[in-house]
Amino acid sequence: MTWCPGCGDFGVLEALREAFSRTGLDPAQTVLVTGSGCSSMIGFFVKTYAIHGLHGRALPIAWGVKLANPSLKVIVAGGDGDAFAVGAGHLVHIARRNPDLTYLIMDNGCYGLTRGQASPTARRGGMAEENGAGQPINPLAFLITAGATFVAQGYSEDPQSLILLIQQALNHHGFAAVNILSPCPTFNRPEAAPPYRPEVVNIEATSHPVHDRLEALRLAMTEDDRLRVGVFYRENRDVLNEKPKGAGREDGRDDLTRLGEIMDELKP
Ligand code: SF4
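Criteria and cut-off values
Residues numbered from 1 in each chain as written. Predicted model: local features only at pLDDT ≥ 70, side-chain atom pairs only at ≥ 80, totals over all residues. Heavy atoms only, no water. Phe/Tyr/Trp six-rings, centres within 6.5 Å; stacked < 30°, edge-to-face > 60°. Helix = DSSP H or I, 4+ residues; strand = E, 2+ residues; numbered from the N terminus. Buried < 20%, exposed > 50% of the residue type's maximum accessible area, 1.4 Å probe, protein only. Axes fitted to C-alpha atoms, helices over the stretch in contact; angles between N-to-C directions. Parallel < 35°, antiparallel > 145°, perpendicular 65-115°, else oblique. Left-handed = near helix turned anticlockwise from the far one by under 90°. Contact = heavy atoms within 4.5 Å. Nonpolar A, V, L, I, M, F, W, Y, C, P; charged D, E, K, R; others polar. Pairing = 2+ DSSP bridges. Salt bridge = Lys/Arg side-chain N within 4 Å of Asp/Glu carboxyl O.

Attention now goes to the packing of aromatic side chains. On inspection of all chains with the given rule, the structure shows 4 aromatic pairs. Judged by centre distance (5.0 Å) and plane angle (80°), the rings of Trp3 and Phe45 are edge-to-face. Separated by 42 residues along the polypeptide, Trp3 in the segment before helix H1 (9-23) and Phe45 in the loop between strand S1 (30-34) and strand S2 (49-52) bring together distant segments of the chain. As far as the burial class goes, Trp3 and Phe45 line up, both buried. When the centroid spacing of 5.2 Å and the interplanar angle of 75° are considered together, the rings of Phe84 and Phe142 count as edge-to-face. Taken as a pair, Phe84 in helix H3 (residues 80-86) and Phe142 in helix H6 (residues 139-146) lie far apart in primary sequence, 58 residues in all. A residue is classified by how much of its surface remains accessible, and Phe84, at 4% relative accessible area, is buried. These aromatic residues form a ring-pair network of at least three members: Trp3, Phe10 and Phe45.

So, in structure tokens, the structure goes:
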């Protein structure tokens, strides 16, 4: 373990393991793709296949894995820097295209591995201000407007809710993203980081209309001291690289079969 004592990523790891177990995923048919940073070490601590990628490039790697072998369950994990800074361009276009991937974002508002610089979700004040952090990105609003078909938020210190959210994300057919508040006790400053023990509100206990995108956006952009966990938005939409029934090629072969044939032809 390379994580500091008390790191929020421990809670995410435990919830992920439990969700894997409850979902009954076969480790030999599961791939966890990560980016770079403290949270991306999570791939070392599970018994699935894993790829430790480059900073911000986990999503395209994961999409490549899914394209090459659509029968695999492909999960992506990384930090908020991976998602909303260097990888932001990938995230927008993956979200709107809706491939069948599960994305877990461990959001601590800083770059822990490189000693705590402000990341895109760093709140204003303290070290974030010194580093010119600017207005923080709202992860949920970002994901909802980009077109993700499942958007949820969890908290590493609320494991029971987090397990259920990860289970739902794993079962969603399409691009499912869960933003998880995962504090960095080593570098977070109280005024610039996700709060350690906020008042947690589970929106699933309310009458939140989960299929209403505008309502999800309104809830995501509501700013007060409470941390809302639960599924903000969910929709069923055509999944990338899966054709609707009856929409196959005229010769009866799908594009992936044809792609495999072309790659075989190119072999020396
Ligand atoms: Fe966790 Fe922060 Fe330590 Fe990284 S530096 S392992 S994010 S507590």
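Don't stop here, the text continues.
So, about unusual backbone geometry. The backbone phi angle of Asn98 is positive, close to 65°, even though this residue is not glycine. Take Asn98: it is sitting in the loop between helix H4 (88-97) and strand S4 (102-107). Overall, the relative accessible area of 0% leaves Asn98 in the buried class. The backbone phi angle of Arg115 is positive, close to 80°, even though this residue is not glycine.

Below, the discussion takes up the packing of H6 against helix H8 (residues 213-220). In contact at an axis separation of 8 Å, H6 and H8 are set at 165° when each is read in the N-to-C sense. By the angle between their axes, H6 is roughly antiparallel relative to H8. In this structure, the crossing between H6 and H8 has a hand that is left-handed. Counted together, Leu140, Ala141, Ile144 and Thr145 of H6 and Arg213, Ala216, Leu217 and Ala220 of H8 form the full contact between these two elements. Across the contact of H6 with H8, the residue classes break down as 6 nonpolar, 1 polar and 1 charged.

Strand pairing within a sheet occurs via backbone hydrogen bonds; the two strands may be parallel or antiparallel. One open sheet holds the 8 strands; their spatial order is S2-S1-S3-S4-S8-S7-S10-S9, and the pairing between them is mixed. The open sheet has two free edges, formed respectively by S2 and strand S9 (199-202), since each of these has just one partner strand. The sheet shows a mean angle of 20° between the axes of neighbouring strands, taken without regard to direction. Bridge analysis of strand S7 (residues 150-155) against strand S8 (residues 176-181) gives 6 bridges, and the strand direction is parallel. Paired with Gln153 across the two strands is Asn179, which belongs to S8.

Now for the pattern of salt bridges. Taken as a whole, this structure holds 9 salt bridges when the rule is applied. Between Glu235 and Arg213 there is a salt bridge whose closest N-O contact spans 3.1 Å. Here Arg213 lies in helix H8 and Glu235 lies in the loop between strand S10 (226-234) and helix H9 (255-266), a separation of 22 residues in the sequence. On the basis of relative accessibility, which here comes to 17%, the residue Glu235 falls in the buried class. The salt bridge partner of Arg228 is Asp224, with a shortest N-O separation of 2.8 Å. Salt bridges sharing common partners tie together Arg213, Glu235 and Arg237.

Read these as geometric descriptors, not functional statements.
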